[in-house]
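# Observations on the three-dimensional arrangement
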Amino acid sequence: MFTGIIEEIGEITAISPSGDGWRLTVRAPKAAADAVHGESIAVSGVCLTVVASSADSFDADVMKQTLDVAALGGAAVGTRVNIEKAMPVGARLGGHIVQGHVDGVGEVLDVRPGAQWSVLRISLPTDLAPLVVDKGSISVDGTSLTVSAVSAPTEASAWFEISLIPETLTATTLGSRVVGDRVNLETDILARHVERLLAFRAAPEGGSR
């Protein structure tokens, strides 16, 4: 379990085949300093399990399904990634509940820099659109953010916007995002539970329960 508060920006330093997936080596000194075998670390919003570590790096395996559904599948040596270690029991929930289970990938459609902040407009897969609301929470590349605008249900292509303060621009990889970049999206787990509940209540009499 994570909160979406990024602890450091890491860098992928090696990628090697591992079965039908990859083994990544990520340089992230803060996370690696006390990393232990088997613990979870979110890499740009993807929950990965540490299989080895050194003083400043850790290794993690990424299965093919994750590579297929997450923007991490387009990563290369040198790619910068957002790093967050799992939230300890009793810690403050500074962002929102983030599982590290990517729901889909969005594309940066527009970047509007301002004097004190920057606004990103990001495409939204159709199936995720009902789960994203104005002023609601969303995880973008593992970063807990508040939605500042969202497309109307009648629009042909769904999108949402996030407004990034200076701290977020410098402490995460989102400050270097440009139009066309792909980002990992995780919607609010509470919204997903509500959607599932309503789907069952709307099911025909005698349907599966």
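Placed above this text is the structure.
Scope of this entry: the structure provided in the associated data block. (Residues numbered from 1 in each chain as written. Predicted model: local features only at pLDDT ≥ 70, side-chain atom pairs only at ≥ 80, totals over all residues. Heavy atoms only, no water.)

Another point: the packing of aromatic side chains. The final tally for this structure, using the stated rule, is zero aromatic pairs. Over the ring of Trp 159 we find Arg 121; its NZ or CZ atom is 3.5 Å from the centre of that ring. (Phe/Tyr/Trp six-rings, centres within 6.5 Å; stacked < 30°, edge-to-face > 60°. Lys NZ or Arg CZ within 6 Å of the ring centre and 35° of its normal.)

Strand order around the closed barrel formed by six strands is β1-β2-β5-β4-β3-β6, with antiparallel pairing between neighbours. The average angle at which neighbouring strand axes cross in this sheet is 45 degrees, direction not considered. Sheet analysis places strand β2 (residues 21–27) next to strand β5 (residues 57–62), joined by six bridges and oriented antiparallel. Directly across from Arg 27, in β5, lies its bridge partner Ser 57. (Pairing = 2+ DSSP bridges. Helix = DSSP H or I, 4+ residues; strand = E, 2+ residues; numbered from the N terminus. Axes fitted to C-alpha atoms, helices over the stretch in contact; angles between N-to-C directions.)

Turning our eyes to something else, we now look at the pairing of strand β6 (residues 80–85). For β6, a buried count of five out of six residues is recorded, marking the element as mostly surrounded by other parts of the structure. Sheet topology note: the strand β1 (residues 8–18)/β6 ladder contains four bridges and is antiparallel. Paired with Glu 11 across the two strands is Arg 80, which belongs to β6. (Buried < 20%, exposed > 50% of the residue type's maximum accessible area, 1.4 Å probe, protein only.)

What follows concerns unusual backbone geometry. For Lys 135, which is not glycine, the phi torsion reads 70 degrees and is therefore positive. Mapped onto the secondary structure, Lys 135 falls in the loop between β8 (118–123) and β9 (137–140). Overall, Lys 135 belongs to the exposed group, its relative accessible area being 60%. Of note in the backbone geometry, Asp 141 takes a positive phi value of approximately 50 degrees without being a glycine. By the secondary structure assignment, Asp 141 is in the loop between β9 and β10 (143–150). Using a relative accessible area of 1% as the deciding quantity, one classes Asp 141 as buried.

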